[in-house]
Amino acid sequence: DTEVTQTPKHLVMGMTNKKSLKCEQHMGHRAMYWYKQKAKKPPELMFVYSYEKLSINESVPSRFSPECPNSSLLNLHLHALQPEDSALYLCASSQVDIISYNEQFFGPGTRLTVL
Amino acid sequence: GQQLNQSPQSMFIQEGEDVSMNCTSSSIFNTWLWYKQEPGEGPVLLIALYKAGELTSNGRLTAQFGITRKDSFLNISASIPSDVGIYFCAGQLRGSRLTFGEGTQLTVNP
């Protein structure tokens, strides 16, 4: 299995809602990533988990709360978002302990719209 | 921080033509990656390069890791309509985050 899956595909939420994005991989990767991507722009790194521990937080506002329940799953909890948070949210995974750490495999993304 | 200049920003070509795009950096990288992203989808890894001077092919795609470690190019031969998408280069020093280029939007006219 060489796939990263993400649910839901699309999400529309109000500014007072609480929702969660989910990501799953079964490639045995021990690093997982959340990225935010605006239209026609490159992905922007938000968080990195390595061996289920948060290793990088790119100064992301606290209304985004990541969680890594186990080595295959990654969640992103959303609360009190702003319209400018509307974007494509991408999950990625990679190995960490050999040179191919650098090969990040992306999921299809969740298209988030905040009203 | 590191910056990647990717060019061209966009290309409009006829089916069957060859395509070339490149990325240059102000500093060196240990790894160069090339991704393709189609509308509504996540980036798909096309080619990974790990050694300066390395030339790697994947079907009609060929990419090279520049000898100075500050640049990389991607060529697509005999383009077809399904090559349409945004192509991103990404560079990385070992252990650090990926640095992405701004992308090359490719349009192929049948």
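Given the structure is predicted, the values throughout are model-derived calculations rather than measurements. All residue numbers refer to positions counted from 1 along the written sequence of the respective chain. Written order determines the labels here, with chains lettered from A and ligands numbered from 1. Only residues with pLDDT of 70 or above have their local features reported here, since the model is predicted, and side-chain atom pairs are shown and tallied only from 80 upward, although totals for entire chains, interfaces and linings are computed over all residues. Calculated side-chain values reflect all of the structure's heavy atoms, with hydrogen atoms and water omitted.

## A few points about the interface of chain B and chain A
Next, step 1: Here a residue-residue contact requires only that any non-hydrogen atoms of the pair lie within 4.5 Å. If you look at the interface, chain B gives 22 residues, while chain A gives 22 residues.
Next, step 2: Summed over both sides, the interface between chain B and chain A buries roughly 1800 Å², with carbon and sulfur atoms accounting for 54% of that surface.
Next, step 3: What makes a salt bridge here is a side-chain nitrogen of Lys or Arg within 4 Å of a carboxyl oxygen of Asp or Glu, nothing more. Across the chain B-chain A interface, the total number found is three salt bridges.
Next, step 4: Throughout this description, a polar contact denotes any pair of N or O atoms lying within 3.5 Å of each other; where both atoms belong to protein, one of them has to be capable of donating a hydrogen while the other can accept it, and for residues adjacent in sequence the pair is counted only when both atoms sit in side chains. Our count for the contact surface shared by chain B and chain A stands at seven residue pairs in polar contact (both at pLDDT 80 or more).
Next, step 5: Every element with two or more residues in the side of chain B that touches chain A is listed here: strand 4 (31-37), strand 5 (44-49) and strand 9 (85-92) of chain B.
Next, step 6: For helices the rule is a DSSP run of H or I covering at least 4 residues; for strands it is a run of E covering at least 2, with both sets numbered from the N terminus onward. The leading source of residues in the side of chain B that touches chain A is strand 4 of chain B, at four residues.
Next, step 7: For the side of chain B that touches chain A, the per-class residue count stands at ten nonpolar, eight polar and four charged. Defined here as a combined quantity, buried area equals the accessible surface (1.4 Å probe) lost by two parts on assembly, summed across both. Under the scheme applied here, ten amino acids are nonpolar (Ala, Val, Leu, Ile, Met, Phe, Trp, Tyr, Cys and Pro), four are charged (Asp, Glu, Lys and Arg), and all others, including Gly, are polar.

## Quick word on the environment of Met15 of chain A
All names here are of chain A.
Next, step 1: Within the secondary structure layout, Met15 lies in the loop between strand 2 (10-13) and strand 3 (18-25).
Next, step 2: Each residue gets one of three labels from its accessible area relative to the maximum for its type: buried under 20%, exposed over 50%, partly exposed in between, using a 1.4 Å probe on protein chains only. On the basis of relative accessibility, which here comes to 39%, the residue Met15 falls in the partly exposed class.
Next, step 3: Aside from chain neighbours lying at most four places away, what touches Met15 is Ala80, Leu81, Gln82, Pro83, Val114 and Leu115.

## Considerations on the pairing of strand 4 of chain B
Residues and elements named next belong to chain B.
Next, step 1: With seven of seven residues buried, strand 4 lies mostly within the body of the structure.
Next, step 2: Burial of the side chains of strand 4 extends over both faces: Thr31, Leu33, Tyr35 and Gln37 are buried on one face and Trp32, Trp34 and Lys36 on the other.
Next, step 3: For two strands to count as paired, DSSP must find a minimum of two bridges between them. With seven bridges joining them, strand 4 and strand 9 adopt antiparallel strand pairing. Residue Thr31 lies in a different strand from strand 9, and its bridge partner there is Gln92.
Next, step 4: Counting the residues in the hairpin turn of strand 4 and strand 5 gives six residues, including Gly40, whose phi is positive at 75°.

## Digging into the sheet that holds strand 8 (residues 73-79) of chain A
Residue and element names in this part refer to chain A.
Next, step 1: Strand order in the open sheet formed by four strands is 1-3-8-7, with antiparallel pairing between adjacent strands. Every interior strand has two partners, whereas the edge strands, strand 1 (4-7) and strand 7 (64-70), have only one. Recorded for the sheet is a direction-independent mean angle of 20° between the axes of neighbouring strands. Note on method: axes are straight lines fitted to C-alpha atoms, helices fitted across the in-contact stretch only, with angles between N-to-C directions ranging 0 to 180 degrees.

## Focus on the state of the cysteines
Next, step 1: Cysteine sulfur atoms that come within 2.5 Å of each other are treated as a disulfide pair. Overall, the coordinates contain two disulfides over all chains when judged by the stated rule.
Next, step 2: A sulfur-sulfur distance of 1.9 Å marks the disulfide that ties Cys23 of chain A to Cys91 of chain A. Its torsion about the S-S bond being -70°, the disulfide of Cys23 of chain A and Cys91 of chain A is classed as left-handed. Taken together, the residues Cys23 of chain A in strand 3 and Cys91 of chain A in strand 9 (residues 87-94) connect sequence positions 68 residues apart.
Next, step 3: What makes Cys23 of chain A buried here is its relative accessible area of 2%.
Next, step 4: The side chain of Cys23 of chain B participates in a disulfide bridge whose partner is Cys89 of chain B; the two sulfur atoms lie 1.8 Å from each other. What sets the handedness of the Cys23 of chain B and Cys89 of chain B disulfide is the S-S torsion sign, and at about -90° it is left-handed. Of this pair, Cys23 of chain B sits in strand 3 (residues 19-25) while Cys89 of chain B sits in strand 9, and the two are 66 residues apart along the sequence. Each of the two residues, Cys23 of chain B as well as Cys89 of chain B, counts as buried.

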